[in-house]
Amino acid sequence: MSISLTSDRQMNIQFFTKGEGASLTQIRRGETKLGEVIHILDEASASSLLKAKSQGVKYLVLGIPESIGVMGNGGKPGAENAWDSFLAAFLNVQSNRFLNGEEICVLGNIDVDFLQKKAQALDKEATYYTQKLHLLCEQLDELVVPVVQLIAELGFTPIIIGGGHNNSFPILMGMSKGLSTSLNALNLDAHADFRPLEGRHSGNPFSYAMQARVLEKYAVFGLHENYNNENMLKALDSLPSTRYSFLEDLVYFGKELNASIDFVGDRKVGVELDMDALRMMPSSASSPTGFSLEQARSFAKQCAEKLDVAYLHLPEAAPITVEQSATVGKALTYLVTDFVKANKKGA
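Treat the numbers as computed from the prediction; the structure is a model and nothing was measured.

About the cut-offs
Counting restarts for each chain, with residues numbered from 1 along the sequence as it is written. The predicted origin of the model limits local features to residues at a pLDDT of at least 70 and limits the giving and counting of side-chain atom pairs to 80 or more, whereas totals for whole chains, interfaces and linings rest on all residues. The basis for every side-chain value is the complete set of heavy atoms in the structure, and neither hydrogens nor water enter the calculation. The pairing test for Phe, Tyr and Trp rings, Trp by its six-membered ring, is centres within 6.5 Å, and the orientation test on the planes gives stacked under 30 degrees, edge-to-face over 60, and tilted for anything in between. Only DSSP runs of H or I covering at least 4 residues are called helices, and only runs of E covering at least 2 are called strands; the numbering of each starts at the N terminus. For the exposure calls, accessible area comes from a 1.4 Å probe over protein chains only, and a residue counts as buried if that area is under 20% of its type's maximum, exposed if over 50%, partly exposed in between. A ring has a charge above it when a Lys NZ or an Arg CZ is no more than 6 Å from the ring centre and no more than 35 degrees off the ring normal. Two strands pair under a simple rule: DSSP has to find at least two bridges between them. Take the number of residues in a helix, subtract one, and multiply by 1.5 Å to get its expected span.

A. Highlighting the packing of aromatic side chains. All told, the structure shown has 11 aromatic pairs when counted by the stated rule. Relative to Phe90, the ring of Phe86 lies with its centre 4.9 Å away and its plane at 20°, an arrangement referred to as stacked. In this pair, Phe86 and Phe90 both sit in helix 5 (residues 82–90), 4 residues apart, roughly one turn of the helix. Each member of the pair, Phe86 as well as Phe90, is classed as buried. Feature note: the residues Phe221, Phe253, Phe291 and Phe299 constitute an aromatic cluster, connected by ring pairs. The ring of Tyr208 carries the charged tip of Arg200 above its face, separated from the ring centre by 5.4 Å. In this structure, Lys217 is placed above the aromatic ring of Phe263, and the distance from its NZ or CZ to the ring centre is 5.2 Å.

Now the structure itself:
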């Protein structure tokens, strides 16, 4: 649905409602769940967002349920399911001394269903199939930018659940417009996502962002040697504003992570955590090797504590089965709650 949050901008947001929150929250006597405490907007308006801010809300949780960019990069759909998996788990976390939940608002998701259906209806054997997906991804970018821009302008920290990693480009663009400055980014990922400017997809958000000058420095942590092509590595090597490390070379996780944090720490930073970097995680490029969930949680916590964080982005989880949905939902929930708790400490 297209909702006007300001007098001059229309936002395609499917706002999360109190009824949806109540239906997903499992009430238990003697306990309080996040779903009972988190902020949910009374109405779709900028004044409602400002009211939430005055009541102590700092973090806005936003979903982008799509796999258009993944498909445009030769991947399979599934990333559109992560948002629902996350909500089912997140709302049933305990509200307790470690995390109350009143500082969090579940805003809802960007309404991309019409684009997702167009992408899935395309004939894979037809001429220009990939190029058509790239054009749909550009339309998706146009939906994401104004929403993120408004969130930044109002002074919230967005926590964005993907969807594909293609969304990093419009997120960086929206944050840059909203904050009137370019950003740095630190990405935990098996892939650098710095492919050529060949049409928008999940493999080139950071090269597009750097070309658009909304991204200043880019560090990617934990690349896999087998899955980053030589031309992309040479492109990264040619830029003093980029830094990367390989999973195969990591001896001391904390030491190498601190070096990456130091590299990007001179301005506001977008924290990116691609779920395909976690071993055996249901994702768009699932792998038997990678970081453990515990290491990913440590990454989220250390970034939240040590950096001036502009946003947290968790893309590429792609659950297909009921069991995968439960795994993805809990994994995303751990990362979000760890991030918020650590960011409050570091503030």
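Structure's up, so let's keep going.
B. Quick peek at the pairing of strand 8 (residues 242–246). Note that strand 7 (residues 215–223) and strand 8 share 5 bridges and pair parallel. By the bridge assignment, Leu223 is partnered in strand 8 with Phe246.

C. Geometry of helix 8 (residues 168–179). Between its first and last C-alpha atoms helix 8 spans 16 Å; for 12 residues at 1.5 Å apiece the expected length is 16 Å, and the two agree. Of all the 12 residues making up helix 8, 10 are buried; the element is thus mostly covered by neighbouring parts of the structure. All of the buried residues along helix 8 are Ser168, Phe169, Pro170, Ile171, Leu172, Met173, Gly174, Met175, Ser176 and Gly178. Positive backbone phi, at 60°, marks Ser180, one or two positions downstream of helix 8.

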